[in-house]
Amino acid sequence: MDLRLQLWESVVVLSWAKVEAGPRVFSQISSMGDGGALDMPYPLTTAINRRGHLEVGGCDLVDLAYKYGTPLFVVDEETIRAKCQQYVQAFRHLEEDAEIIYASKAFGALAVCQIIREEGLFVDVSTGGELYVALRSGFPPHQIYFHGNNKTEEEIEFGLREEVGTFVVDGLQELDLLDRLSGRGGRRTDILLRITPGIETSTHKYIQTGQIIDNKFGFPLYMGMAMAAVKEALSKSNLRLRGFHTHIGSQLFSVDCFEKAAEIMVGFCAEVQNETGFVTEKLNLGGGLGIKYRSSDRPASIEEFVTTVVKSVRRWSDNFDLPSPGIAIEPGRSIVGNSTVTLYTVGGIKEVPEVRTFVAVDGGMSDNIRPMLYDAVYEARIANKAQHSPQQVVAIVGKHCECGDILIKEVALPPVQVGDIIVIPATGAYGYAMASNYNLQPRPAVVLVNRGQDFVIIERESYQDLLRLHKPLRQ
Ligand code: LLP
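Because the structure is a prediction, the values reported are computed rather than measured.

A. How the structure looks around the side chain of Asp367. Mapped onto the elements of the fold, Asp367 is located in the loop between strand E17 (356-361) and helix H12 (370-374). It is Arg460 that comes nearest to the buried, bridge-free Asp367 among opposite-charge side chains, at 8.2 Å. Of note is the side chain of Asp367, whose polar atom sits 2.8 Å from the backbone nitrogen of Gly364. Not counting residues up to four positions away in its chain, the partners in contact with Asp367 are Pro71, Phe73, Thr342, Tyr344, Gly431, Tyr432, Ala435 and Pro444.

Spelled out as structure tokens, the structure:
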């Protein structure tokens, strides 16, 4: 047996334990540790039921696939709530007033935002569209942070009209524009300045955002550009500078880079205080904590991340003899990533002897662009063969007209047949959020599951939806 299969088996044996749950006996992925189920990228409620099927939130995934069709996103409410609560708990012991701000770009579904609002988090938005959804999901405007490196005048007007709590200013033109549009009713607009601190992180280059110079975001700590922006901000009569923001990257496994970011940012606050007298009220260290996409991934826990951020900000504030600023963070992926699985139906299998077996599913790059864009690596199972052991390594490919439309290059699965339901975990963040209509593929439905109940939270698009905005020629 190939080594990969042996490893996979040992993970399965370690992770699937028999438990008694009410009247039903089923195997459950033990929920231990922070990455979701033990060593698993799946939602916390994932289990194998009596029929030998995978279930999430008490709902049989095979039944959901038949009921709603595939591709289908299945979101576990309990996992989202648990992740929010882990953040709240982690801060509770260390920094009661910290702001935990959900980065809604990760998954901006109305119902998902509502759950996160109910858990007491704030929200960040980076476009007028995200702002609209945040407001419609009931976030009070003062709990909204407005990001974006090129906010349009309309977007700024929208934010001001709705009295958004804080604008995170990304450039000098925005500073001028926001100042010009602010000040109605004598009200100053609260702002943070986005700073790029010059930290290289070990993640895909498209999701590194803290490099110092060659970066479209924020004011760099280079040639005094960030300090000049502070002085400019302080001179604006309609703006009130409250502090600074940085976001150094995404899908980061180690907390060392956050420690470094805290050191550099607090150092900058000290320089600003020396040079201008401005005392930083708020320091927002962004999001970026990574999650498990595969059982072998080892991201830091939410608790480690929070502890590192709080302790480093305090330590460096002491070192620089500054009052410790209020802390904010902006997690996206680590809240919703592991809450969701995508279901696909196998439609075709092509075996190329001694090369590869291609298993074709009914979705692909239109519902998950991450493998193509970031070389993201996922794992998979077969929902209707959850207890079968893997026997072959296959590629799972999409249905789009691109050779690169490969969801997983190599994954060990039990023998696959047409009609099997493939489950790919950890698709909650930047999955539906980055879905497209490429090849005029309607976007999938999204179903929320909880305690055996399922609710559609985003309808599947129809062919009519695809033409909703089109106009026929000359009519
Ligand atoms: N704050 C700001 C300013 C951000 O730009 C981001 C993500 C976050 C917070 C949340 O970061 P998270 O905790 O989710 O890592 N599409 C890419 C990820 C792009 C991240 C963009 N910014 C992916 O699929 O990996």
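B. Structural view of the packing of aromatic side chains. A complete count under the given rule lists 9 aromatic pairs for this structure. Consider the rings of Phe73 and Tyr432, whose centres lie 5.7 Å apart with planes at 80°: the pair is edge-to-face. In this pair, Phe73 is assigned in strand E6 (residues 72-76) and Tyr432 in the loop between strand E21 (421-425) and strand E22 (445-450), connecting sequence segments 359 residues apart. Looking at Tyr432, the relative accessible area reads 11%, which means it is buried. Ring geometry for Tyr87 and Phe305: centres 6.3 Å apart, planes at 85°, overall edge-to-face. Within this pair, whereas Tyr87 is found in helix H3 (residues 77-92), its partner Phe305 is found in helix H10 (residues 302-319), the two being separated by 218 residues in sequence.

C. Just the site of the ligand, in detail. Residues in close proximity to the ligand total 19 residues, the closest being Ser250, Glu330, Arg370, Tyr374 and Tyr430. Between an oxygen atom of the ligand and a side-chain N or O atom of Ser250, the distance comes to 2.3 Å. Arg333 places a polar main-chain atom, nitrogen or oxygen, 2.8 Å from an oxygen atom of the ligand.

D. Summary view of the nonpolar core. Among the nonpolar cores identified, the biggest contains 85 residues, and Tyr102, Ile116, Ile191, Leu193, Phe244 and Val336 are the most heavily contacted of them. The element that contributes the greatest number of residues to this core is helix H9 (residues 256-276), accounting for 11 residues. For Leu193, the contacting residues outside a window of four places in its chain are Val169, Leu175, Phe219, Ala229, Val230, Ala233, Leu241, Gly243, Phe244 and His245. One finds Leu54, Leu61, Val74 and Ala386 within the second-largest nonpolar core, a separate group that totals 22 residues.

E. Spatial organisation of the environment of Leu131. By the secondary structure assignment, Leu131 is in helix H5 (residues 128-136). Judged by its relative accessible area of 0%, Leu131 is buried. Spatially, the C-alpha atom of Leu131 lies 9.5 Å from that of Glu162, the residues being 31 residues apart in sequence.

F. Quick look at unusual backbone geometry. Cis geometry marks the peptide bond from Thr70 to Pro71; its omega dihedral reads -5°. Here Pro71 is to be found in the loop between helix H2 (61-68) and E6. Positive phi, close to 65°, is recorded for Glu354, a residue that is not glycine. Turning to its location among the elements, Glu354 is positioned in the loop between strand E16 (340-352) and E17. One non-glycine residue with positive phi stands out, namely Asn439, at about 60°. Along the chain, Asn439 turns up in the loop between E21 and E22.

G. Expanded view of the packing of helix H8 (residues 225-234) against H9. H9 packs onto H8 with a crossing angle of 55° between their chain directions and a minimal axis gap of 11 Å. Accordingly, the angle class assigned to the pair H8 and H9 is oblique. The way H8 lies across H9 gives a crossing that is right-handed. Between H8 and H9, the contacting residues are Ala226, Met227, Val230, Lys231 and Leu234 on the first element and Phe268, Glu271, Val272, Glu275 and Thr276 on the second. Taken together, the residues of the contact of H8 with H9 sort by class into 6 nonpolar, 1 polar and 3 charged.

The rules behind each value
Residues numbered from 1 in each chain as written. Predicted model: local features only at pLDDT ≥ 70, side-chain atom pairs only at ≥ 80, totals over all residues. Heavy atoms only, no water. Helix = DSSP H or I, 4+ residues; strand = E, 2+ residues; numbered from the N terminus. Buried < 20%, exposed > 50% of the residue type's maximum accessible area, 1.4 Å probe, protein only. Lys, Arg positive; Asp, Glu negative; His and termini not counted. Salt bridge = Lys/Arg side-chain N within 4 Å of Asp/Glu carboxyl O. Polar contact = N/O pair within 3.5 Å; in protein donor to acceptor, adjacent residues only side chain to side chain. Contact = heavy atoms within 4.5 Å. Phe/Tyr/Trp six-rings, centres within 6.5 Å; stacked < 30°, edge-to-face > 60°. Near = heavy atom within 4 Å. Core = buried A, V, L, I, M, F, W, Y, C linked by side-chain atoms within 4.5 Å. Axes fitted to C-alpha atoms, helices over the stretch in contact; angles between N-to-C directions. Parallel < 35°, antiparallel > 145°, perpendicular 65-115°, else oblique. Left-handed = near helix turned anticlockwise from the far one by under 90°. Nonpolar A, V, L, I, M, F, W, Y, C, P; charged D, E, K, R; others polar.

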